[in-house]
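So you can see what is in the structure, the chains are spelled out below.
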Amino acid sequence: MGSRYRFQIKPATLNGLEVVNWASQDGRLTATHGWLDGNVAFLTVGAPIADTLTPRPKANLADSPLFHTGVPRELTPNNGHVFYQSRSSGG
């Protein structure tokens, strides 16, 4: 995070838990991560930094034939839908 994305890395303690804070150079973008009970990870994001951390996909998901094959056109009410395409399948 520090060298690749030029975020400031600041270890801290929050309510007795060791956490790591990432902050952009101007301080507007922040994220904090750590562990709860030793086996549950958490990540909080104080501003939208996903564009900084992840590469843009080559193709739009809506234009993917694999997406249209796996997801019905008419969605039915439920708790949600998840579509996962691995990098090896052309995503």
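Quick summary incoming for the structure in this document. Just so it is clear, the model here is predicted, and its values are computed rather than measured.

Notes on the overall build of the protein chain
No. 1: Within the protein chain, the regular secondary structure consists of three helices and four strands.
No. 2: Looking at the protein chain as a whole, 14% of its 91 residues qualify as buried.
No. 3: By sequence separation, contacts in the protein chain at least 24 residues apart represent 6% of the contacts at least 6 residues apart.
No. 4: For the protein chain, the accessible area works out to roughly 7,600 Å², and carbon and sulfur atoms hold 54% of it.

Considerations on unusual backbone geometry
A negative phi angle is the norm for most residues apart from glycine, just as the trans form is the norm for most peptide bonds.
No. 1: Non-glycine residue Arg6 carries a positive phi angle of around 60°.
No. 2: Examined against the element boundaries, Arg6 turns out to sit in the loop between helix H1 (2-5) and strand S1 (8-14).

Considerations on the pattern of salt bridges
No. 1: A full pass over the atoms with the stated rule returns one salt bridge.
No. 2: Of the charged contacts, one joins Arg28 and Asp26 as a salt bridge, the two residues approaching to 3.0 Å between their closest N and O atoms. Per residue, the accessibility class of Arg28 equals that of Asp26, and both read exposed.

Quick word on the pairing of strand S3 (residues 30-36)
No. 1: With five bridges joining them, strand S2 (residues 17-23) and S3 adopt antiparallel strand pairing. Each bridged residue has a counterpart across the sheet, and for Val20 the counterpart in S3 is His33.
No. 2: The hairpin turn running from S2 into S3, its antiparallel successor, is six residues long, and Gly27 in that turn takes a positive phi close to 80°.
No. 3: The pairing of S3 with strand S4 (residues 40-45) spans six bridges and is classified as antiparallel. What sits directly across from His33, in S4, is Leu43.

Analysis parameters
- Within each chain, residue numbers correspond to sequence positions counted from 1 in written order.
- A pLDDT threshold of at least 70 governs which residues receive local features in this predicted model, and a stricter bar of 80 or more applies before side-chain atom pairs are shown or counted, although totals over entire chains, interfaces and linings include all residues.
- Side-chain numbers come from the whole structure's heavy atoms, not from hydrogens or water.
- Each helix is a run of H or I in the DSSP string that is no shorter than four residues. Each strand is a run of E no shorter than two, and both are numbered from the N terminus.
- Exposure is judged per residue with a 1.4 Å probe applied to protein chains only, and the accessible area is read against the type maximum: over 50% gives exposed, under 20% gives buried, and values in between give partly exposed.
- Contact definition: two residues touch when any of their heavy atoms are within 4.5 Å.
- Accessible surface area values rest on a Shrake-Rupley calculation with a 1.4 Å probe, where residue burial reflects the displayed protein chains alone.
- Within this document, salt bridges are pairs made up of a side-chain nitrogen of Lys or Arg and a carboxyl oxygen of Asp or Glu, the two lying within 4 Å of each other.
- Whether two strands pair depends on DSSP finding at least two bridges between them.

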